[in-house]
Amino acid sequence: MSSKYPQGYIPKIQYWNSKLQEALASGEWSESEYCMKKLQYFVGAQYVKENQEPYKHVIGGVDFGGAMRHLNNL
């Protein structure tokens, strides 16, 4: 893991989650989207750190990996 995050990514996840909550409460939708992207990155990085395998976008047994690739290309 990078020495930039010696305690893992949990502090970053908590930070961006709080920023997302603030943006949602104030109705700042573009800021909300930005915070969600940051959360997605750090949650994925933490998942890889803990599980030593890439994060899969599977919810309820359904793989949303293809949909996520399409959304990222928008």
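If you're wondering where the values come from, they're calculated on a predicted model, not measured in any experiment. (Residues numbered from 1 in each chain as written. Predicted model: local features only at pLDDT ≥ 70, side-chain atom pairs only at ≥ 80, totals over all residues. Heavy atoms only, no water.)

Enquirer: Can you help me understand helix α1 (residues 10–26) in this one?
Expert: Since there are 3.6 residues in each turn of an α-helix, residues three or four apart along the chain are aligned in direction. Compared with an ideal rise of 1.5 Å per residue, which puts 17 residues at 24 Å, α1 spans 24 Å between its outermost C-alpha atoms and is within 8% of the ideal. Of the positions making up α1, those classed as buried are Ile13, Trp16, Leu20 and Ala23. The arc that holds the buried residues of α1, viewed along the axis, is 90°, so those residues lie on one side. Exposed and oriented more than 90 degrees from the buried face of α1 are Gln14 and Ala25. On its buried face, α1 is in contact with α2 (29–51). (Helix = DSSP H or I, 4+ residues; strand = E, 2+ residues; numbered from the N terminus. Expected span 1.5 Å × (residues − 1). Buried < 20%, exposed > 50% of the residue type's maximum accessible area, 1.4 Å probe, protein only. Arc of directions from axis to C-beta. Contact = heavy atoms within 4.5 Å.)

Enquirer: What should I look at first to understand the nonpolar core in this one?
Expert: Soluble globular proteins: nonpolar side chains tend toward being buried together. Among the nonpolar cores identified, the biggest contains nine residues, and these are Tyr5, Tyr9, Ile13, Trp16, Leu20, Cys35, Leu39, Phe42 and Ala45. Of all the elements in the fold, those that place two or more residues in this core are α1 and α2. A per-element tally of this core places α2 first, with four residues. (Core = buried A, V, L, I, M, F, W, Y, C linked by side-chain atoms within 4.5 Å.)

Enquirer: Explanation requested: the packing of α1 against α2 in the structure shown.
Expert: Geometrically, a packed helix pair is captured by the angle between its two axes and the distance between the axes. Here α1 crosses α2 at 160°, and the two axes come no closer than 9 Å. Relative to α2, the element α1 is oriented roughly antiparallel. The handedness of the crossing between α1 and α2 is left-handed. Counting all contacts with α1, which are made through Ile10, Lys12, Ile13, Trp16, Asn17, Lys19, Leu20, Ala23 and Leu24, the residues of α2 involved are Trp29, Glu31, Ser32, Tyr34, Cys35, Met36, Lys38, Leu39, Phe42, Val43 and Gln46. (Axes fitted to C-alpha atoms, helices over the stretch in contact; angles between N-to-C directions. Parallel < 35°, antiparallel > 145°, perpendicular 65-115°, else oblique. Left-handed = near helix turned anticlockwise from the far one by under 90°.)

Enquirer: Please clarify how the side chain of Ser32 should be interpreted in this entry.
Expert: Tracing the backbone shows Ser32 in helix α2. Within the structure, the side chain of Ser32 is placed 2.9 Å from the backbone oxygen of Glu28, a separation counted as a polar contact. For Ser32, the residues in contact, after removing those within four places along its chain, are Leu20, Ala23 and Leu24. (Polar contact = N/O pair within 3.5 Å; in protein donor to acceptor, adjacent residues only side chain to side chain.)

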